[in-house]
Amino acid sequence: MAWRVGVDSGGTFTDVCLFDEDSGRVEVWKVASTPDDPSRGITQSVAEGAEHVGASVGAISYFGHGTTVATNALIQHRGVKTGLITTEGFRDLLEIGRQKRPDLYDLQADKPPVLVSRDLRLEVPERMRHDGTIETPLHKVAFWAAVRELRDAGVQAVAVCFLYGFIRTEHEETARRILAEEFPEAFACVSHQVAPEFREFERMSTTVVNAYLGPVMQAYIRRLGDRLAELGVSVTPHMTQSNGGVIGFEQATRLPVRTVLSGPSTGVVGAQEVGRLAGFSDLITFDMGGTSTDVALLQDGQCRLASEAVVHGYPIKAPMLDIHTVGAGGGSIAFVDSGGLLKVGPRSAGAAPGPVCYAHGHAEPTVTDANVVLQTLNPTHLLGGRMAIRQDLARAAIEQLAASLSMDAMATAQGIISVVTANMARAIRVVSVQRGHDPRDYTLVAFGGAGPLHAARLAKELEIRRILVPRNPGILCAMGLLLTDLRADFAATRLHTLSTEALPDVADAFSTLRAQAEAWFGAEGIAPAARRTTRTVDMRYAGQNYELPVPLPEGEIGPATVDALAEGFAAAHQRMYGFVADGDPVQLVTFRIEAAGVVPKASFQAHPDVGPDASGAIAARRDVWLPEVAGFVSCPVYDRDKLQSGNRIAGPAIIEQMDATTVVLPDMVARVEPYLNLILEVA
Amino acid sequence: MNDAAGAQGARIAGVDPITVEVIGSALSSITEEMGEALIRASYSTNIKERRDCSTALFDIHGNTLCQAEHIPMHLGSFIGLIPHILKRHPMEQMRPGDVFCGNDAYEGGGTHLPDIVLAEPIFVDGSIIAWAVNLAHHADFADRGHAHIYQEGLRIPPIRLYRAGELQRDVQELILLNCQVPRERLSDLRAQMAANRLGVQRMQALCAKYGREIVLDASAALQDYAERKMRAGIAAMPDGTYCFADVYDCPEIDGELAVSCEITIRGDEMHLHFDAPRQVRAGLNMTYTALLSTVYYTVKTLVDPTVLPNAGLARPLHVTAPEGSAVNCVHPAAVNGRLSLCQRVVDLIHGALAAAVPERVIAACNGACFSITFAGHQPRDNAIWVYLETIGGGSGARATKDGLDGVHVHMTNTSNLPVEALEIEYPLTLLRYELVDGSGGPGKQRGGMGLRRIYRAEADCRVRVDGSRLLSPPWGLFGGLPGGKSSVVLNGGAVPFDHGSGALRPGEIIEVVTGGSGGYGPPEQRDRNAVGSDLAEGRLDATTARGAYGF
């Protein structure tokens, strides 16, 4: 037996999904995260998961991982003390940016903190020109001195970004060599290896973020790799990048900046596949975990891919999915602010100590505590009975908060839910309404440990009429790791005017990229029949600074290529801007190959319709507090594992499973579709 | 944005609040998308990198439905244009695909000639329901003089550049022949067409989805909503009359102009009266629409920055200034450099309202939109090149926070041009680009720092610098001290400039330093750790730390 394993580690829980390549069997497991060292929880989840399915860890044929380590370090400014060395005269560039203020009208808005303080931004004499000639050679002694100064100041990472470093790389290469000799213990990175593209501020920012996160990711990956090896995992572990593609651990260590959206993008990939199976292609994903919530919009099954984005205030040049994150989840703490208003988050109780009901000493009520008091969540146990909780502690904490608001405890608990729902609705408006999409036209895919619990109220707030709750909502991210092909992008920037004279260089560029792609296929052990590549060229009119991607079909590079590209570009430009500038020279800017290795994927079987009667799945009845009647209402509690295709459940009802709880509101009906996903619709 | 239009906006709209919100957000995303198309399709550095352009939607009466968050100043050119189009061209003769083009300050509603506006009526079911409008600052018309508007470039009244979708080639040729860099102008005009085309399509799609009546009703409701929020915000400010006076200088004139304002808040309305000397033979003058857009921006930021940027916000505001003065100029005053005086008007309002809302106003910013324009012949093909850039500076200290360092403030918000884009396009080398140490005005909250940019010419070129605060420093508030002044320094053997204009030969160097900004509160009350870290980071020197802060 060969098992493919996906592990998603969030701020609160670590989920593992196991897929037997031979039988198609899918199993899931969940353990509490270990935020001080996430690799502990991960190895524990793998060991327990393997034991659960009766497999040996040595039989694991693929290990995929999505992580929030990089993004959390960036949000919480917990990267390392970092130094920057740059061209003389330009150390403030990192702070000046594009000289725009953070908000056009809000005079109180601030820029995000600069990741390298001004005294750790050092300049050295050196100057390249745009044509690659050297005006001032790199002053090696000055560079040495700068490295020593940073070493003495106690930095752990050094970013180097010289003007035109991507056009002629030798100064940055020398810098890298000196850093390796003089300061080998530092994490060092140079701009042309991180983001070899023009626009010095964005390149510098990307390089600095990479350095700032480097040691954090390096230590994390090393620890995790070691622990997995100790456990007996022999395959190369893989990690999701911000674009939804997957790379080996070693590469992720060099370019941590490409993994800032690793965790969230894994969920989008999972939701995309589940949506496709269930027959819905216009989706809003709602991934609510313990610490944060990620939302994204998929139109026609695709999430918008950006080549550059501002993440938590910092410009990053790397391909990433358009995902919006808010710092609120089930563990978010509710409190009364100085103006006397009830607020929720962004502080979180996380997994340790966790919500008050975990009885690990935390005293301030969280969203989870509110649900436990309202009894939308099971008042005695979580995780399918594996974890006992204390409702009395949660109630005492909520009562204390209620007293400071002069409100009733139950109304306060419901108030916490209302506030968090409004926060979530605002996040969804960012990816829908603000991009011109009406959320009412979309299906809400609710997952993450807390997604299905809050989805019904959220959908009501946004007037969304349909909710899709995947079969295993709590581990959809982990499952997403097993639903996707392996993917890597290779790119080379070489400026040419489109003409037959450029053809030898075009052929050369693509053969280099092809070789890189083949090497990657080889390293991943992807059989020749499973290899897929697509070529594109980013093109523009000479004079423009933004390119349009033009697909280049397979085939020899020859005179016909020029015509194919010219026609493809004209069509793309006409479509995008409504005009073609006949006679203007056209430039080829970046050549790209997207390589995909088709892998065996977890597949799901359609189950025959057994009819609407769901009474066999009723496990219990429970009083649930509903604001509609301002009191407790007796609701049936269904066991999700016993629900069958075709079953229908009228709200109000609660559906429990090991990794999540789904709330069906009074005016809603839930039905089980053939792949055992739940569809909630307004009755 | 006038009273006649107010009646339209006041109509009760029977649209549910969620639909109103969705349509309001759709209008803003349409204008944002128009802006992206304009920037991506354009060729000139001023648009494609510096983003000196704006996009908006207007209703048929000329009320702003929505303006994208680009450059507040550009609203001044937008609000004047539609009335001028309607004055010259009967609406019943307009056809789908007509595109009007204009820039004139006196006959086209513009604020200065480089800002060329394209406006296209949006037809739904055979009649006009709104306008797609955009403006691009065409960095051209260089090295011509600013004694009066006839020197400042080609004056274009609102005329059809496209008639029923067909380009009027003779009109376009007339425009291009009057430009120094026609290839850029042509491509930027095409990019402007692309932006409006997108706006028209998206608005038509919106109407197809919700129905035109719903879209129009929601648009009216959004204006009423903006008005309500403005009125509520003004009503919450203390009634009274607030005055402030300042001086204005720029390289074009000798000495300083005295400028002042008197603001009266009564109930939920605000009256703002400005005074300045008579208009001058220099490009610093402001048209009335430039004054209006300045006031709209400033009051919005002080009353409630979240008020939607549409015509409703103007209804409670009454703006006056003597006709023929520098802040409300008449034909044939030159207006090219109006932006720096507009920045001073913003500071005046802050200075006056410091007594009313001390926690919201900020100290004087760098007080300019410092610009430098280079023009010459490309060594490679002798073609004329023109390069304009504007440089940010300090933003005023706030009641509880330091001012922002090295940013564009208030009426402008253009990007800088990356060095790696600048040097590929023009025979210039950038030697330094940095924050100016010590330029942030000392205070409990420190003022923002100015910027230094040093250029070396690689070929012969004509150069013009424009800005302000060369003579007087940006003031502080409530005991905060003034920030650093701006300056221009020539090196490498360059001949001194005359009133901001001169020439550079290859190897000669020009250094521009922009102003910092004023501090807020007495410096001796500043947090000691903040003084220490400013000192460690070189933002201030030991002498200032001792002298101003007692550190």
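Residues numbered from 1 in each chain as written. Chains lettered and ligands numbered in written order. Predicted model: local features only at pLDDT ≥ 70, side-chain atom pairs only at ≥ 80, totals over all residues.

Chemist: In this structure, what is going on with the overall build of chain A? I would like to understand it.
Modeler: What chain A contains, in helices and strands, is 16 helices and 37 strands. On C-alpha atoms alone, chain A measures out to a radius of gyration of 27 Å, which is about the 26 Å that the 2.2 N^0.38 rule sets for 683 residues. The dimensions of chain A, computed from C-alpha atoms along their principal axes, are 80 × 55 × 55 Å. Relative to its full complement of 683 residues, chain A shows a buried share of 52%. The contacts of chain A with a sequence gap of at least 6 include a subset with a gap of at least 24, amounting to 67%. (Helix = DSSP H or I, 4+ residues; strand = E, 2+ residues; numbered from the N terminus. Rg over C-alpha atoms; globule rule 2.2 N^0.38 Å. Buried ≥ 20, exposed ≤ 12 C-beta atoms within 10 Å, placed from the backbone. Contact = placed C-beta atoms within 7 Å.)

Chemist: What is the right way to read the packing of helix 12 (residues 409-431) of chain A against helix 13 (residues 451-462) of chain A from this model?
Modeler: Geometry of a packed helix pair, given as the angle between the helix axes and the separation of the axes. All names here are of chain A. Direction vectors running N to C along helix 12 and helix 13 enclose 60°, while the axes themselves pass 9 Å from each other. Taken together, the axes of helix 12 and helix 13 are oblique relative to one another. Our pair here, helix 12 against helix 13, has a crossing hand that is right-handed. For the pair helix 12 and helix 13, the contacting residues are Ile417, Val420, Thr421, Met424, Ala425 and Ile428 in the first and His454, Arg457, Leu458, Glu461 and Leu462 in the second. Among the residues making up the contact of helix 12 with helix 13, the classes are represented as seven nonpolar, two polar and two charged. (Axes fitted to C-alpha atoms, helices over the stretch in contact; angles between N-to-C directions. Parallel < 35°, antiparallel > 145°, perpendicular 65-115°, else oblique. Left-handed = near helix turned anticlockwise from the far one by under 90°. Nonpolar A, V, L, I, M, F, W, Y, C, P; charged D, E, K, R; others polar.)

Chemist: Can you walk me through the sheet that holds strand 1 (residues 53-59) of chain B in this structure?
Modeler: Backbone-to-backbone hydrogen bonds join strands into a sheet, with any given pair of strands oriented parallel or antiparallel. Residue and element names in this part refer to chain B. Read across the sheet, seven strands follow the order 2-1-5-4-3-6-7 without closing on themselves; strand pairing throughout is antiparallel. Of all strands in the sheet, those bounded by a partner on one side alone are strand 2 (64-67) and strand 7 (166-167). Direction of pairing for strand 6 (residues 159-163) relative to strand 7: antiparallel, over a ladder of two bridges. Of the residues in strand 7, the one forming a bridge with tyrosine 162 is leucine 167. In the packing of helix 4 (residues 75-88) onto the sheet, contacts are made with strand 1, strand 2, strand 3 (99-102), strand 4 (115-124) and strand 5 (127-137), and the angle to strand 4 comes to roughly 55°. (Pairing = 2+ DSSP bridges.)

Chemist: What should I look at first to understand the interface of chain B and chain A in this one?
Modeler: By convention, interface size is frequently given as the accessible area that disappears when the constituent parts associate. Contacts between the two partners involve 51 residues from chain B and, on the opposite side, 43 residues from chain A. At the level of secondary structure, the elements contributing two or more residues to the side of chain B that touches chain A comprise helix 2 (17-41), helix 6 (182-210), helix 8 (288-303), helix 10 (419-425) and strand 14 (428-435) of chain B. Per element, the largest residue contribution to the side of chain B that touches chain A is nine residues, and it comes from helix 2 of chain B. Here the side of chain B that touches chain A is composed, by residue class, of 24 nonpolar, 12 polar and 15 charged.

Chemist: Explanation requested: the environment of A:Ala570 in the structure shown.
Modeler: The topology assignment puts A:Ala570 in helix 16 (residues 559-577). The class for A:Ala570 is partly exposed, based on 16 C-beta atoms found within 10 Å.

Chemist: For this particular structure, what's the right way to read helix 8 of chain B?
Modeler: Structural remark: α-helix, 3.6 residues per turn; residues separated by three or four positions point the same way. Taking 1.5 Å of rise per residue, the 16 residues of helix 8 of chain B would be expected to cover 22 Å, and the 22 Å separating its terminal C-alpha atoms lies within 8% of that figure. Across the 16 residues of helix 8 of chain B, 16 count as buried, placing the element largely inside the fold. (Expected span 1.5 Å × (residues − 1).)

Chemist: Where do I start with the nonpolar core in this structure?
Modeler: In terms of nonpolar packing, the biggest core is built from 363 residues, with A:Val158, B:Leu38 and B:Leu57 touching the most fellow members. With 13 residues, the single largest contributor to this core is helix 7 (residues 200-231) of chain A. In contact with B:Leu57, other than residues within four places in its own chain, are B:Leu27, B:Ile30, B:Thr31, B:Leu65, B:Cys66, B:Ala130, B:Trp131, B:Ala132, B:Gly199 and B:Met203. (Core = buried A, V, L, I, M, F, W, Y, C linked by C-beta atoms within 7 Å.)

Chemist: Looking at this structure, I do not really get the sheet that holds strand 18 (residues 501-504) of chain B. What am I missing?
Modeler: Residue and element names in this part refer to chain B. Strand order in the open sheet formed by four strands is 13-12-16-18, with antiparallel pairing between adjacent strands. Looking at strand neighbours, the two that pair on one side only are strand 13 (384-391) and strand 18, the edges of this open sheet. Each strand axis lies, on average, 20° off the axis of its neighbour in the sheet, ignoring direction. Inspection of the sheet shows strand 12 (residues 370-377) paired to strand 13 by eight bridges, in the antiparallel sense. The residue of strand 13 that forms the bridge with alanine 375 is valine 386.

Chemist: Would you explain the packing of helix 4 (residues 140-152) of chain A against helix 5 (residues 170-182) of chain A in this entry?
Modeler: Residues and elements named next belong to chain A. Interaxial distance between helix 4 and helix 5 falls to 10 Å at its minimum, and their mutual angle equals 45°. Comparing the axis directions of helix 4 and helix 5 gives the class oblique. For the element pair helix 4 and helix 5, the recorded crossing hand is right-handed. On the side of helix 4, the interface is formed by Lys140, Phe143, Trp144, Val147 and Arg148, while helix 5 contributes Thr174, Ala175, Ile178, Leu179 and Glu182. Across the contact of helix 4 with helix 5, the residue classes tally to six nonpolar, one polar and three charged.

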